[in-house]
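Close look at the chain arrangement
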Amino acid sequence: GVKRTRPSRFPDAVLCDLETLAAAPPAMTRAGLGDCVARFISYGDWYLAHQLGLVERYSETPLALMGAHLDDVYLEHAPGVAAGAPTELTFLIRQVLLAGLAQSIVRISTPLSGTEHVVSHVLDMGSGAWGRATALHGAQVGVATPLAARAYELLHERFDPGRPRPTPPAPEAVEATINSAFGPLDPSGKMAAECWRDYQKKLTLWSASEARFDAVRERWDDEVGPRLRELVRPAATIREILRRSGHPLAFHELEPTIPVEQARFALNNAHLIRERFVIGDLLWWLDLSGASLADDLLDASAI
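Residues numbered from 1 in each chain as written. Predicted model: local features only at pLDDT ≥ 70, side-chain atom pairs only at ≥ 80, totals over all residues. Heavy atoms only, no water.

With 22 residues, helix α11 (residues 210-231) extends just 24 Å between its outermost C-alpha atoms, more than 12% less than the 32 Å of an ideal straight helix rising 1.5 Å per residue. Of all the bends in α11, the greatest, near 105°, is centred on W220. The set of residues buried in α11 consists of F213, V216, R217, W220, V224, G225, L228 and L231. The elements touched by buried residues of α11 are α3 (39-51), α4 (61-66), α8 (137-158) and α10 (190-207). (Helix = DSSP H or I, 4+ residues; strand = E, 2+ residues; numbered from the N terminus. Expected span 1.5 Å × (residues − 1). Bend = angle between axes of the 7 residues up to and from the residue. Buried < 20%, exposed > 50% of the residue type's maximum accessible area, 1.4 Å probe, protein only. Contact = heavy atoms within 4.5 Å.)

Applying the stated rule across the entire model yields two cavities of 30 Å³ or more. Computed from the structure, the largest cavity encloses a volume of approximately 80 Å³. Considering the residues around the largest cavity, the lining is formed by T115, V118, V119, A151, L267, A270, H271, V278, I279, G280, L293 and L297. Broken down by secondary-structure element, the contributors of at least two residues to the lining of the largest cavity are α7 (115-130), α14 (279-285) and α15 (293-301). Split into classes, the residues belonging to the lining of the largest cavity amount to nine nonpolar, three polar and no charged. In this model, the second largest cavity occupies a volume close to 40 Å³. In terms of lining residues, the second largest cavity is bounded by L48, L52, L155, F159, F213, V216, W220, L282 and L286. Within the lining of the second largest cavity, the residues separate by chemical class into nine nonpolar, no polar and no charged. (1 Å grid on protein atoms, 1.4 Å probe; cavity = no way out; pocket = protein on both sides within 12 Å on 5 of 7 lines; lining within 4 Å. Points joined across faces, edges and corners; volume = space filled by probe spheres on them. Nonpolar A, V, L, I, M, F, W, Y, C, P; charged D, E, K, R; others polar.)

Membership of the largest hydrophobic core comes to 91 residues, with the highest contact counts inside it found for L48, L52, L155, I178, F182, F251 and L282. Top contributing element to this core by residue count: α8, with eleven residues. The residues contacting L155, other than those within four sequence positions of it, are L48, W220, L228, I279, L282, L283 and L288. (Core = buried A, V, L, I, M, F, W, Y, C linked by side-chain atoms within 4.5 Å.)

So, on to the packing of α7 against α8. Where α7 contacts α8, the two axes come as close as 8 Å, and the packing angle between them is 130°. Accordingly, the angle class assigned to the pair α7 and α8 is oblique. The interaxial crossing formed by α7 with α8 has right-handed handedness. Each of T115, E116, H117, V119, S120, H121, L123 and D124 in α7 lies in contact with α8, whose residues at this interface are H137, Q140, V141, A144, T145 and A148. Looking at the contact of α7 with α8 residue by residue, the class counts come to five nonpolar, seven polar and two charged. (Axes fitted to C-alpha atoms, helices over the stretch in contact; angles between N-to-C directions. Parallel < 35°, antiparallel > 145°, perpendicular 65-115°, else oblique. Left-handed = near helix turned anticlockwise from the far one by under 90°.)

Right, let's get into the environment of V81. Mapped onto the elements, V81 comes out in helix α5 (residues 71-83). The class for V81 is buried, based on a relative accessible area of 3%. Linking V81 and H247, residues 166 residues apart in sequence, is a C-alpha distance of 9.9 Å. Setting aside chain neighbours within four positions, we find V81 in contact with T29, L33, E88 and L92.

Each aromatic ring pair is characterised by the separation of its centres together with the angle its planes make. Under the counting rule described, the total for this entry stands at 14 aromatic pairs. Both rings, one in F40 and one in Y74, keep their centres 5.3 Å apart while their planes meet at 80°; by these two values the pair is edge-to-face. Here F40 is found in helix α3, whereas its partner Y74 is found in helix α5, with 34 residues between them in sequence. When sorted by exposure, F40 lands in the same class as Y74, which is buried. Look at F182 and F265: their rings are 5.8 Å apart centre to centre, the planes differ by 80°, and that puts the pair in the edge-to-face class. Taken together, the residues F182 in helix α9 (residues 171-182) and F265 in helix α13 (residues 260-269) connect sequence positions 83 residues apart. Classification of F265 as buried rests on a relative accessible area of 18%. (Phe/Tyr/Trp six-rings, centres within 6.5 Å; stacked < 30°, edge-to-face > 60°.)

So, about the environment of S59. Mapping S59 onto the fold places it in the loop between α3 and α4. Sequence spacing of S59 and P111 is 52 residues, and the spatial spacing of their C-alpha atoms is 9.1 Å. With sequence-adjacent residues up to four places away left out, S59 is seen in contact with Y43, W46 and V106.

This next bit is on the layout of surface pockets. Size it by volume and the largest pocket reaches roughly 1,400 Å³. Residue composition of the lining of the largest pocket, grouped by class: 19 nonpolar, 13 polar and 14 charged. In this model, the second largest pocket occupies a volume close to 280 Å³. Contributing elements (two or more residues each) for the lining of the second largest pocket: α3, α4 and α11.

Such coordinate-based values are descriptive only and should not be taken to indicate function.
Structure, rendered in structure tokens:
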């Protein structure tokens, strides 16, 4: 019951027929764009994980392949995507294919899958218990992406590099948190057990990474913080791209609609479902997310 990524082989060819794609339901086309805007967030998660010693492999080759400084390009093409114009659909198709290639060449989905994706996965994981069908994955990712960008803005606002690292949470306390969160979604306990099985690997690395964290603190103002601002684009910019494309801007605008309490659950607990680091982990570990990260994100974004 937990989302996992499995290895697969390269396709021999990808054929994209513009007439067929232009005739596709507009909601699916917009969801394709929603999945693509994840690039404006996910590289920040990967870069920060590498800086903190939570992942060994890091490469900016996928970033170069996908293209740098894409904000203006996406803003320019978004209205045409909404209209289903062939030229704009060609742009979107290329972006989707480059995203897939970017992940494949490093054999990991991190270049295009971070905070925004785990939020979507938790919404899917809970859909059965909540008694609703799943919304389009890309659309959920699109709505979650500016919220994830806002999480980084909160990090920049609240992080004090002069403050020592808090003591890492005790494993038994984290396991209890995961059981409490996901137990109601799956009374068998299998979902929570699978989440904990993966999360404890990340927690072990964090508990042993004090020296790496200190190095990040020392380089935060001159190097790490500025690079994160380059990799993670402003929430307002991402939201404007979505708006111009006709993409939903809020969870309740999705089909089926996602109630705010389910969105709040996903935003608060998305970082708990897998081994991969996301910004929600750091905000939680450093006690920077307040009583509810979801409330911070939803209130500040006016969504």
